[in-house]
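# Examining the three-dimensional arrangement
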Amino acid sequence: MRWIRTIVPALLALAAGAAALVLGACGSSSTSADAGLNTPQGVLTPANEPQGGGHKGGTLTVLNHQDFEHIDPGTSYFSNDYEAMYATQRPLYSYTPNDVSTPSPDIAESSPQISSDGKNVTIHIRHGVHFSPPVNREVTSADVAYALERAANPNVANPYYLGYLSAVEGIPTASGGPVAGIKTPNKYTIELHLTEPKAQLVAASLVLPYSAPVPVEYAKRFDASKPSEYGNYQVATGPYMFKNNSEGKVLGIGYQPGKSAVLVRNPNWKASTDFRPAYLDQINIQIGGDTNVIGRQVLEGSHMVQNDPPAQSIVKLAYEKYRSQLEISPNAGDHYVAINNSKGPFTNVNLRKAYWAALDREAMNKARGGSLVTVPMTHFIWPEIPGFQAAGGYAGPKYDYNEHPQGNMAVAEKYVKLAGYPSGKYTGGKTLTVVGATGNPEAEDAQIANQALNKLGFKTKLTLVDKSVMYSKYCGVVSEAIDVCPNVGWVADFGDGQAVLNVPFNGKLIVTNGSNSNWGLVNHQKINEAMTAAEKVQGKEARAKAWADIDRELVAEAVAAPYDWDKQPQIRSQDVAGVGDLWNVGSWDYNYTSLK
Amino acid sequence: MIRYIIRRLLWGVVLLIAVTAIVFLLFRVLPTADPAKLRAGRLQNPKIIAEIRADLGLNKSLLSQFWIYLKGVFFHFNLGYSYYSSASVRGLIFERLPATVSLVLGGAVLWITGGMAVGILSALRPRSRGDRASMGGALLLVSAPEYWLGLIVLYLFASDIGQVRIFPGAGSYTPLTSDPVKWFTSLLLPWFVVAAANAAIYARLMRSSLIETMGQDYIRTARAKGLPERQVVLRHGVRAAINPIMTILALDIGVLLGSAVLVETVFNIPGIGRLNYDAITHSDFPIVQGTVLVAALFIIVANILVDIAYAYLDPRVRYS
C-alpha cells in the first residue's frame, strides 16, 4: 500500500527521536585542503562560497528558532543579533564573509592610523554616507563619537566596552557623556587618545557594532530611558533597515519580539560608498517554532534559510539528503570543561593535568554530533584566529596529557600520583560540585565529564540547570566555589588572540561580587602578566605570536580541559545562494546572500 | 444572585493577589538568573549591575518590591517591563492574546461539538460496536502527547513539508483582522490538535454522565408523557448531564488561555503560552509573572461564568 511507504517512515523517524547522535558515523570523505577541519565533499564552507555574481532582487525568508537578544547596536553581542546588525549598521570596520582577521574599512575610508607610541588612533570616515529615514542626514564623526560614548551609558550597558576601550582616556569613569579621549577635530575625522599603548587592540575592536554611528540629536532622548529605547527606534547606515514608521518606530512594525522582524532596503544607502553587494530587496525573519519543523521547511522549501543552529536530526538529514544545502563553518567557538583553579583540589596543577588526560574528549564530541560539527580541541586559540598555528595547530602542544582524545587513565594516574596520591586515585575527602546545563548535548557532555572525575576517585555532586542560570548564578561566581563546569564555551568578539583568551583566562578580570566569564577562576600571575604585556603589543603578527605563547602557557598549566572546536552547520533552501560569515559562526550574511 | 456574583468577584481579587504573591516569592527563592546580571550582559561590571539593580528596585526590601508591583497591577494595570524584549509586559501579552484566544476558542468549539456528539451517541447505544470504537479512539487520542500529535499532523498534512499537502504549515498563522480566510485555514491543524485530546475526554465524560442521567425517574416520566425521544434526550437528558462538562470546560479554556505552549510552539503561533515559555528559558521574570497573573485571571473569570451558567442551565440551582 503506497500510503504506508510514505507515512510509516515519517512515524518511524519521529519514534527514533530528534536527537540522532550518530553524525560521527557520517565520517569524512574530505577533499578540504585543511585536513584538520575534515569538511566532507559537497558541503559548503564560507571559504568556498562565491561572494559575488548574485542575482539581484527578491525576498528572503529567514526561519529562526531563537529571537534576537538585542537589536540596539550599542548592546548587541550574539551571533544571531549580528546578522541583522551588520546588514543595517556600518561600524568603522567590518569583515568580509570569508575573513576573520583582516577587517575592511566600512564607515572608515581607510585603515586606522596608529601612532608609533601606540597611544593614538586616527580614523577618517567616508563622505556621503547617510542615515536612513527619519534622520536622513549625512553621517559625521560626531555620530561615531556618540556611538562609542553611549556604550558607557548604564541605560545602554554595552557588555564589552570596558574590555576593549578602557585605555581610551576618560572611558573607565564615563557614564554616557562626552569622553575626554574621543575627539572629532572635523566632520570626518575621529581621534582616540589612550592612556596606555593599546591602540592595536582598540582599533581591532572597532569591528564591533558599538562603533556604528548613532545620530546624537535623535538618539539622546531614547538613551535617557532606563533602559535605552534607541533599539526600538533605531536608524540604519547599512544597505537594510528595520522597517519603521515615519517617526522611526521599529518596535511592533519592523520588529515584534518573539514573533518576527522585517528588514527592508535603506533608501539612503549608496552602493558606491559600500563594499556590500546587497542583492536582496527584503528579508522577512520569522521567530519561533520547533527546530525540526523549521529545518524541514527550509530544506524542502523555497527562498528560505535558517540562521540559528539547526537541530541535530536536521543536520543529519541535510548531510544525507540535501548536502548541497548544508554549510559547515569553522571558527564557531569552543567548548571546554572549566575547573576551579582558585579553590579546591584543582589548585594542584597535576590534578588538572590528570583530569585533562582522563577526559574522553572524543565521546564528548560524539555527543555534540561528531566530526561533522566538532574538531578535537587541543589548546585554546581556535582555527582561523591569528596565532592558531603558532600555538600548536590542530595537534596542539606536545604533552602526554594532551595526546589521547579518548582519555588515558594510565597517564591520568601518573599525574594523580605526582599530586601526592600514591594509589593513583584521589583520596582527599572533598566532594566536588559539578554544575552543567540541561538539554542535549550539554547534559550528556556533563555526564561524560563527571564520569572522568569519578574514574579518578573523586566523589561528585552533579547538578544540571538551565544554561542561563548556570552562567549567571553558578559557574564563575566566586562565592559559589563550583569545582567543575563542563559545559562552558566561548566565541571570540573579533579575530585576535586577546578576544579568545583574555576574558576567559585573565585572573585580573575576576570580580568577587558578580559572575565571571573566567569560569575556572584562572588566576596565575605569570599568565596574567603575560596578558598585560600582550595587550600592548602592536602589529598583527607580533600580537599573534604573543597570544600564541600565552595559549601554550595555558596548556602547560592545564587551566581547563578543552574538548571541542565548534563547526557550525547552517542550512538553506535549494534556490538560495547563501554566503556565510566565517567571522560569525557561519551565519548567513544578508548583504551577500541572494536568490537563484 | 447579584450578591453571590459580587462575593465571587471579590474572592477572585483575593485569589489573584495570592497567586501574584506566590509567583513573586518563588522567583526570589528558587535558583534563577539574576535579572540585573541578565540585563548587564556578558561582561559583568559591578557598577553597571548595581545601577541596574537600583533601577529595577531590586535593592529594596521584598515587601516594598511586592507592594510597588501590586500597586502597578491593580491601579494602573502595569504588569512590568521586559528587559529581554525591551517592551512592556502588558503590551506583549495583549499583542499575543488574539492568537491564543483564536486557538483556544476555535479548538473548544471543535472539541465540544465533536466530544459531545460522540459522547451522546455512545451513551444512547452503550456497549455497541460504535460505542466501543469511539471510546477506544478516545483513549488513543487522550494518550497521544499534544506535541507529538502536532508534529505528526504537520509531517502528514502541512502544505510545505507534509506527505499529503493540504493545510498551511507551521508559521502560517495570520491574524483575523489581516486576512480572515488565511486566519481560518492556518488554524485548522492547530485546532484539530487542541481538540483531539480534549474531545476524547469530553466524549467519555458526556457518555458516563448521560448514561446516569438517562436512568433517572424524570426521564422515564418524560417518555411516559409521550415526548419524542429526541426531545427527551436533548431537552431533559443532556441538559442535566451537561453540568460536569461545563465545569471542566471553564477550567480547560481558562488553563489553555494561559498555557497552550505546546501547540503554539510546534505550529509557531505567537500566543501567550509561547511568550511564557520563551520568558522562562530566558529567565525573563516580569513576563512570567505577567502571564501567570493573566492565566489566573482567565481561570477565575471562567469559573465565575460557569457558576452563573449553572443557574441558567439547571433550574434546581439557585443562589441565595
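The shown structure was predicted, so the numbers you read here are calculated from the model rather than taken from an experiment.

In this section: the overall build of chain B. When helices and strands are counted, chain B shows 15 helices and two strands. Counting the 320 residues in chain B, one finds 43% classified as buried. In chain B, the share of contacts with a sequence separation of at least 24, taken over all contacts with a separation of at least 6, comes to 67%.

This part takes up the environment of Pro 175 of chain B. Residues and elements named next belong to chain B. Tracing the backbone through its elements, the reader meets Pro 175 in the loop between helix 7 (146-157) and helix 8 (180-186). Sequence separation of Pro 175 and Met 135 is 40 residues, and the distance between their C-alpha atoms is 36 Å. Apart from residues no more than four positions distant in its own chain, Pro 175 is found in contact with Pro 98 and Trp 183.

Residues and elements named next belong to chain A. Pairing is antiparallel in the open sheet, where four strands are placed in the order 4-5-7-6. A single partner strand is all that each edge strand has here, and the edge strands are strand 4 (113-114) and strand 6 (182-186). Note: strand 4 against strand 5 (residues 120-124), two bridges, orientation antiparallel. For Ile 114, the partnering residue across the bridge sits in strand 5 and is Val 121. Sitting on the sheet, helix 3 (residues 141-150) is in contact with strand 6 and strand 7 (189-193), with an inclination near 175° to strand 6.

With that settled, consider the packing of helix 9 (residues 188-213) of chain B against helix 11 (residues 229-241) of chain B. Residues and elements named next belong to chain B. Where helix 9 contacts helix 11, the two axes come as close as 8 Å, and the packing angle between them is 125°. Comparing the axis directions of helix 9 and helix 11 gives the class oblique. The handedness of the crossing between helix 9 and helix 11 is right-handed. Of the residues in helix 11, those touching helix 9 at Met 206, Ser 209, Leu 210 and Thr 213 are Gly 237, Val 238, Ala 240 and Ala 241.

Val 202, Leu 263, Val 337, Tyr 355, Ile 381, Leu 456 and Cys 475 of chain A are the most contacted members of the largest nonpolar core, which totals 253 residues. At 14 residues, helix 9 of chain B tops the list of elements feeding residues into this core. When sequence neighbours within four positions are dropped, the list of residues in contact with Leu 263 of chain A reads Ala 84, Ala 87, Thr 88, Tyr 240, Met 241, Phe 242, Gln 282, Ile 283 and Tyr 590 of chain A.

On to the pairing of strand 18 (residues 484-490) of chain A. Residue and element names in this part refer to chain A. Of all seven residues in strand 18, six are buried, a share of seventy percent or more. For strand 14 (residues 334-339) and strand 18, the ladder comprises five bridges, and the chain directions are antiparallel. In the sheet register, Asp 334 faces strand 18, and the bridge partner there is Trp 490.

This next bit is on helix 11 of chain B. Helical periodicity: at 3.6 residues per turn, an α-helix aligns residues three or four positions apart in one direction. All names here are of chain B. Inspection of helix 11 places Val 233, Gly 237, Val 238 and Ala 241 among the buried residues, and these make up the whole buried set. Take helix 11 and look down its axis: the buried residues cluster within an arc of 90°, on one side only. Close packing links the buried residues of helix 11 with helix 5 (89-124), helix 9 and helix 10 (217-224).

Before going further, it helps to spend a moment on the domain arrangement of chain B. Residue and element names in this part refer to chain B. Here chain B is partitioned into domain 1 (2-90) and domain 2 (94-313). For domain 1 and domain 2, the distance between their C-alpha centres works out to 32 Å. Across the contact, 23 residues belong to domain 1 and 17 residues belong to domain 2. Of all the secondary-structure elements, those providing two or more residues to the side of domain 1 that touches domain 2 are helix 1 (2-29), helix 2 (35-40), strand 1 (81-82) and helix 5. A per-element tally of the side of domain 1 that touches domain 2 places helix 1 first, with 11 residues. Residue classes in the side of domain 1 that touches domain 2 are distributed as 16 nonpolar, five polar and two charged.

Turning to the pairing of strand 19 (residues 560-566) of chain A, a few remarks are in order. Residue and element names in this part refer to chain A. The buried fraction of strand 19 is high, at seven of seven residues. Here strand 14 pairs with strand 19 via five bridges, running antiparallel. Residue pairing for strand 19: Asp 334 is matched across the bridge by Trp 565. As judged from the three bridges shared by strand 15 (residues 374-376) and strand 19, these two strands associate in the antiparallel manner. Residue Thr 374 lies in a different strand from strand 19, and its bridge partner there is Asp 566.

Turning to helix 12 (residues 243-259) of chain B, a few remarks are in order. Here helix 12 of chain B contains 17 residues, and its C-alpha end-to-end distance of 25 Å stays within 8% of the 24 Å for a straight helix at 1.5 Å per residue. Turning to helix 12 of chain B, its buried residues number three or more, namely Ile 245, Leu 249, Ala 250, Asp 252, Ile 253, Gly 254, Leu 256, Leu 257, Gly 258 and Ser 259 of chain B.

What follows deals with the domain arrangement of chain A. Interface size is often expressed as the accessible area that is lost when the parts come together. Residues and elements named next belong to chain A. Along its sequence, chain A is organised into domain 1 (2-63 + 288-330 + 569-595), domain 2 (74-237) and domain 3 (334-566). Between the C-alpha centres of domain 2 and domain 3 the distance comes to 33 Å. Facing 17 residues of domain 2, the contacting portion of domain 3 comprises 15 residues. For the side of domain 2 that touches domain 3, the leading source of residues is helix 5 (residues 199-204), giving four residues. Here the residues of the side of domain 2 that touches domain 3 sort into nine nonpolar, six polar and two charged.

Once that is clear, we can look at the environment of Tyr 240 of chain A. Residues and elements named next belong to chain A. Looking at the secondary structure, you find Tyr 240 in strand 8 (residues 240-242). Spatially, the C-alpha atoms of Tyr 240 and Tyr 86 are 9.1 Å apart, while their sequence positions differ by 154 residues. Excluding residues that lie within four positions of it along the chain, Tyr 240 makes contacts with Ala 87, Thr 88, Leu 263, Val 264, Arg 265, Asn 266, Ile 283 and Tyr 590.

Bringing the packing of helix 15 (residues 525-535) of chain A against helix 16 (residues 540-556) of chain A into the picture now. All names here are of chain A. Direction vectors running N to C along helix 15 and helix 16 enclose 170°, while the axes themselves pass 10 Å from each other. Judged by the angle between their axes, helix 15 and helix 16 are roughly antiparallel. Facing helix 15, whose interface residues are Lys 526, Ile 527, Ala 530, Met 531 and Ala 534, helix 16 presents Ala 546, Trp 547, Asp 549, Ile 550, Glu 553 and Leu 554. Considered class by class, the residues forming the contact of helix 15 with helix 16 number eight nonpolar, no polar and three charged.

Conventions used here
Residues numbered from 1 in each chain as written. Chains lettered and ligands numbered in written order. Predicted model: local features only at pLDDT ≥ 70, side-chain atom pairs only at ≥ 80, totals over all residues. Helix = DSSP H or I, 4+ residues; strand = E, 2+ residues; numbered from the N terminus. Buried ≥ 20, exposed ≤ 12 C-beta atoms within 10 Å, placed from the backbone. Contact = placed C-beta atoms within 7 Å. Pairing = 2+ DSSP bridges. Axes fitted to C-alpha atoms, helices over the stretch in contact; angles between N-to-C directions. Parallel < 35°, antiparallel > 145°, perpendicular 65-115°, else oblique. Left-handed = near helix turned anticlockwise from the far one by under 90°. Core = buried A, V, L, I, M, F, W, Y, C linked by C-beta atoms within 7 Å. Arc of directions from axis to C-beta. Domains from an automatic or database assignment. Nonpolar A, V, L, I, M, F, W, Y, C, P; charged D, E, K, R; others polar. Expected span 1.5 Å × (residues − 1).

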